[in-house]
Amino acid sequence: MSFEELTKRRQSCRNFMDKPVEREKIEKMLSVARLTPSACNSQPWRLHVVYDSEKVKEFSSYLRDFGMNGFTKNVPVFIAVSELNAKLAIGSRLKYDNNHFVKYDVGEIIAYVTLIAEELGLSTCILGWLNNKKIAEILNFEENEVCNVVIALGYSDIPLREKVRKPLEDIVKWH
């Protein structure tokens with residue numbers, strides 16, 4: 001499918017089928033996503049796949065603080081995207097601190113993962129409401145890792161919705 005069609009199809013899913021996700025599809029998705037560009041090729045991310053059903057159950061509880069994300073009880077797979085300290089080229093380090101571009105780079109790999117998932121017939125939801133401390137514990141993060149985003153992954157049980165977006169002239173300014 002074309003990139004335009006892919007972006008029209010990709011939507012946040014909060015209702016997943018009770019259907020396991022094939023490990024081969026996840027491996028294919030992550031194999032392609034690892035090609036995501038990053039500042040100075042620093043690749044300041046790690047993707048933690050929570051796949052084991054018992055671990056998924058425990059993990060999902062760390063996404064429901066204060067009554068948020070109740071739908072995560074039915075998500076078959078999670079991908080926790082952790083940020084790592086970037087190792088920038090010397091010129092970039094002199095102008096910026098090593099982690100200046102990390103948030104942008106992490107955002108880019110999240111976009112790649114969600115679009116590749118869509119291409120493979122999977123659906124996603126990007127979650128930013130989470131218990132960072134518990135997630136770091138359950139996934140045995142290294143000292144320099146921090147997770148601010150989790151991707152829910154599975155097969156959608158919702159129809160495709162029409163996208164409602166601002167008009168182009170409201171978001172683009174020509175100079």
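To be clear, the structure that these remarks concern was listed above.
Residues numbered from 1 in each chain as written. Predicted model: local features only at pLDDT ≥ 70, side-chain atom pairs only at ≥ 80, totals over all residues. Heavy atoms only, no water.

A.B. asks: Can you help me understand a positive patch on the surface in this one?
C.D. replies: A surface patch of like charges, here positive, comprises Arg14, Arg161, Lys163 and Arg165. Note that Arg14 resides in the loop between helix 1 (3–9) and helix 2 (23–33). Classification of Arg14 by relative accessible area gives partly exposed; the value is 48%. (Patch = residues over 30% accessible without salt bridge, like charges linked within 9 Å, V, L, I, M, F, W, Y side chains within 5 Å. Areas by Shrake-Rupley, 256 points an atom, 1.4 Å probe, with all protein chains shown as cover. Salt bridge = Lys/Arg side-chain N within 4 Å of Asp/Glu carboxyl O. Lys, Arg positive; Asp, Glu negative; His and termini not counted. Charge placed at Lys NZ, Arg CZ, Asp CG, Glu CD. Helix = DSSP H or I, 4+ residues; strand = E, 2+ residues; numbered from the N terminus. Buried < 20%, exposed > 50% of the residue type's maximum accessible area, 1.4 Å probe, protein only.)

A.B. asks: What exactly am I supposed to notice about the packing of aromatic side chains here?
C.D. replies: Any pair of aromatic rings gets described here by the distance separating the centres and the angle formed by the planes. For the structure on display, the rule yields two aromatic pairs. Their ring planes at 40 degrees and their centres at 5.3 Å tell us that Phe59 and Phe78 sit as a pair that is tilted. On the criterion of sequence distance, the pair formed by Phe59 in helix 3 (residues 53–61) and Phe78 in strand 2 (residues 77–83) is long-range, its members being 19 residues apart. The exposure class of Phe78 is buried, given its relative accessible area of 0%. Aromatic pair Phe66 and Trp129: ring centres 6.2 Å apart, planes at 85 degrees, arrangement edge-to-face. In this pair, Phe66 is assigned in the loop between helix 3 and strand 2 and Trp129 in the loop between strand 3 (123–127) and helix 6 (132–138), connecting sequence segments 63 residues apart. The class of Phe66 is exposed, set by a relative accessible area of 77%. (Phe/Tyr/Trp six-rings, centres within 6.5 Å; stacked < 30°, edge-to-face > 60°.)

A.B. asks: Just to check I follow, could you spell out the sheet that holds strand 3 for this structure?
C.D. replies: Sheet strands pair via backbone hydrogen bonds, and the direction of the pair is either parallel or antiparallel. Spatially, the four strands line up as an open sheet ordered 1-2-4-3, and their pairing is antiparallel. In this open sheet, the two strands that pair with only one neighbour each are strand 1 (45–50) and strand 3. With strand direction ignored, the average angle separating the axes of adjacent strands in the sheet is 25 degrees. Here strand 2 runs beside strand 4 (residues 146–154); their pairing, made up of seven bridges, is antiparallel. Note that in strand 4 the partner of Val77 across the bridge is Leu153. Contacts from helix 3 reach strand 1, strand 2 and strand 4, with the element oriented near 60 degrees to strand 2. The strands that helix 5 (residues 102–119) touches are strand 1, strand 2, strand 3 and strand 4; relative to strand 2, the one it contacts most, it runs at about 160 degrees. (Pairing = 2+ DSSP bridges. Axes fitted to C-alpha atoms, helices over the stretch in contact; angles between N-to-C directions. Contact = heavy atoms within 4.5 Å.)

A.B. asks: Can you walk me through the environment of Cys125 in this structure?
C.D. replies: Along the chain, Cys125 falls in strand 3. A C-alpha to C-alpha distance of 10 Å links Cys125 and Ile110, two positions 15 residues apart in sequence. Once residues lying within four places of it in the same chain are set aside, the contact partners of Cys125 are Arg10, Ser12, Cys13, Arg14, Phe71, Val150, Ile151 and Ala152.

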